[in-house]
Amino acid sequence: VTLEVKGSETQEKTFSRAILAVQPQHALTILGESATEEEASLLGQFEHTVDTVVIHQDPTRAPPQADQWKLFNVQLPNQDAPNPQPSETLPITIVKPCTRDRETTLFALYDYAHADDPTLEGERFTFDHLRVTPKTQRLRRELPKLQGAASVYFCGSWARGLTLHEDAIVTGFQVANQILGGLQS
């Protein structure tokens, strides 16, 4: 696997294997024209969303009583309310003390349909999330066919489970074990 690093000087480095611990759409960008037909076909089918989280200090966006604030607060619709449309979201608020003074309360608002609300002051961060659907599960079952086929391995939270941080760690270990196991034979 040859890695071309472009900067003030273009450098090429050759490796026996490459591990891409990035979302599938980013893996395809990194591979560019070097992506195999199989890699392009499979990785290109994973769906993702581009989401924004707002870090703020506005307690009015959290449950009304502070004693109800938990690490993770999710607003759900009333039982008799219609299901939200796919383009709508319900807010998720994470409440944590500031790591600097351990006293200032910080909120992380994951309310994707309303993250552009100009009345909410705070820092906005945008990132990609894999959309977990039955199709995602079917595509994941095909992933082992790609692992190492072109000396490239794929891992990350998107490759298993509910896309949690723990899933990223497990898939990293799986790839490492697959590579190391191959070295022993």
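Treat the numbers as computed from the prediction; the structure is a model and nothing was measured. Along every chain, residues carry numbers that run from 1 in the direction the sequence is written. Selection of residues for local features in this predicted model requires a pLDDT of at least 70, selection of side-chain atom pairs for listing and counting requires 80 or more, and totals for whole chains, interfaces and linings are taken over all residues. No hydrogens and no water enter the side-chain calculation; it runs on all heavy atoms of the structure.

A.B. asks: Mind showing me how you'd approach the overall build of the protein chain here?
C.D. replies: Secondary structure follows DSSP: runs of H or I at least 4 residues long count as helices, runs of E at least 2 residues long count as strands, and numbering of each begins at the N terminus. A tally of regular secondary structure across the protein chain gives 4 helices and 9 strands. Three exposure classes are used, based on accessible area relative to the maximum for each residue type with a 1.4 Å probe and protein chains only: buried under 20%, partly exposed in between, and exposed over 50%. With 185 residues in all, the protein chain has 28% of them scored as buried. Counting contacts in the protein chain only where the partners sit at least 6 residues apart, residues at least 24 apart contribute 54% of the total. For accessible areas, the Shrake-Rupley method is used with a probe of radius 1.4 Å. Any residue's cover is judged against the shown protein chains and nothing else. Accessible area for the protein chain stands at about 12700 Å²; split by element, carbon and sulfur atoms hold 52% of it. Any pair of residues with heavy atoms lying within 4.5 Å of one another is described as a contacting pair.

A.B. asks: Sorry, what's going on with the packing of aromatic side chains here?
C.D. replies: The geometry of two aromatic rings is summed up by the distance between their centres and the angle between their planes. Only the six-membered ring of Trp is used, alongside the rings of Phe and Tyr, when aromatic pairs are assigned; centres must lie within 6.5 Å, and planes under 30 degrees apart are stacked while those over 60 apart are edge-to-face, with the rest tilted. In the structure shown here, the tally under the stated rule is 1 aromatic pair. Taken together, a centroid distance of 5.1 Å and an interplanar angle of 80 degrees make the contact between Phe46 and Trp158 edge-to-face. Here Phe46, found in the loop between helix H2 (37-43) and strand E4 (48-56), pairs with Trp158, found in the loop between strand E9 (152-154) and helix H4 (165-184); they are 112 residues apart in sequence, far enough to count as distant. As far as the burial class goes, Phe46 and Trp158 line up, both buried.

A.B. asks: Looking at this structure, I do not really get the pairing of strand E2 (residues 11-14). What am I missing?
C.D. replies: Along a regular strand, successive side chains alternate from one face of the sheet to the other. At least two bridges found by DSSP between two strands are what make those strands a pair. As paired elements, strand E1 (residues 2-5) and E2 share 4 bridges and run antiparallel to each other. Along E2, the bridge assignment pairs Glu4 with Glu12. Joining the antiparallel neighbours E1 and E2 is a turn of 5 residues.

A.B. asks: Please clarify how a nonpolar patch on the surface should be interpreted in this entry.
C.D. replies: The grouping of Val1, Leu3, Val5 and Phe15 at the surface amounts to a nonpolar patch, some 310 Å² of accessible area in total. In this fold, Phe15 is placed in the loop between E2 and strand E3 (18-20). Patch membership requires more than 30% relative accessible area and the absence of a salt bridge. Residues of like charge join within 9 Å; the nonpolar side chains Val, Leu, Ile, Met, Phe, Trp and Tyr join within 5 Å. Any carboxyl oxygen of Asp or Glu that lies within 4 Å of a side-chain nitrogen of Lys or Arg is treated as forming a salt bridge with it.

A.B. asks: Is there a simple way to explain helix H1 (residues 24-31) in this structure?
C.D. replies: For H1, the set of buried residues is Pro24, Gln25, Ala27 and Leu31. Mapping the buried residues of H1 onto a view down its axis gives an arc of 160 degrees, with all of them on the same face. In H1, the exposed positions that point more than 90 degrees away from the buried face belong to Thr29 and Ile30. Taken from the residues just after H1, Gly32 is the one with a positive phi, measuring 55 degrees. By construction, the arc corresponds to the directions joining the helix axis to the C-beta atoms.

A.B. asks: Would you explain the nonpolar core in this entry?
C.D. replies: Counting residues in hydrophobic clusters, the biggest one holds 16 residues, and the most contacted among them are Leu43, Phe46, Leu143, Phe154 and Trp158. Of all the secondary-structure elements, those providing two or more residues to this core are E3, H1, H2 and E9. Each residue touching Trp158, except ones within four places of it in the same chain, is listed here: Val22, Gln23, Pro24, Leu43, Phe46, Leu130, Arg140, Leu143 and Thr163. The nonpolar core is taken to be a set of buried Ala, Val, Leu, Ile, Met, Phe, Trp, Tyr and Cys residues, with the residues joined through side-chain atoms within 4.5 Å.

A.B. asks: I keep staring at the layout of surface pockets and nothing clicks. Help me out?
C.D. replies: Sizing a probe to match a water molecule and rolling it over the atoms shows the empty space that remains. In this analysis the probe radius is 1.4 Å and the grid spacing 1 Å, with only protein atoms considered; a cavity is a set of points the probe fits into but cannot get out of, a pocket is an open set with protein on both sides within 12 Å along at least five of seven lines, and lining residues have an atom within 4 Å of a point. Grid points are joined across faces, edges and corners, and a volume is the space filled by probe spheres set on the points. Quantified by volume, the second largest pocket comes out at close to 350 Å³. In this structure, the second largest pocket is lined by 17 residues; those nearest its centre are Val1, Thr2, Ile30, Leu31 and Ser34. Of all elements in the fold, only E1, E3 and H1 reach the threshold of two or more residues within the lining of the second largest pocket. Counting residues per element, the lining of the second largest pocket draws most heavily on E1, at 3 residues.

A.B. asks: Would you mind showing me how to read helix H3 (residues 134-142) here?
C.D. replies: Residues separated by three or four positions in an α-helix point in the same direction, a consequence of the helix having 3.6 residues per turn. Along H3, the residues that are buried comprise Thr136, Leu139 and Arg140. The buried residues of H3 occupy an angular sector of 105 degrees when the element is viewed end-on, so they sit on one face. Residues Pro134 and Arg141 are exposed on H3 and point more than 90 degrees away from its buried face. Tucked into the core, H3 has its buried residues touching H2 and strand E8 (123-130).

A.B. asks: Any chance you could explain the side chain of Thr171 here in plain terms?
C.D. replies: Looking at the secondary structure, you find Thr171 in helix H4. Within the structure, the side chain of Thr171 is placed 2.8 Å from the backbone nitrogen of Gly156, a separation counted as a polar contact. Excluding residues within four positions of it along the chain, Thr171 makes contact with Cys155, Gly156, Ala159 and Arg160. Here a polar contact is recorded for every N or O atom pair within 3.5 Å, except that within protein the pair must consist of a potential hydrogen donor and a potential acceptor, and residues adjacent in sequence are included only if both atoms are side-chain atoms.

A.B. asks: Help me out: how do you make sense of the environment of Ala35 in this one?
C.D. replies: Following the sequence through the fold, Ala35 ends up in the loop between H1 and H2. Distance from Ala35 to Val152, taken between C-alpha atoms, is 9.6 Å for residues 117 residues apart in sequence.

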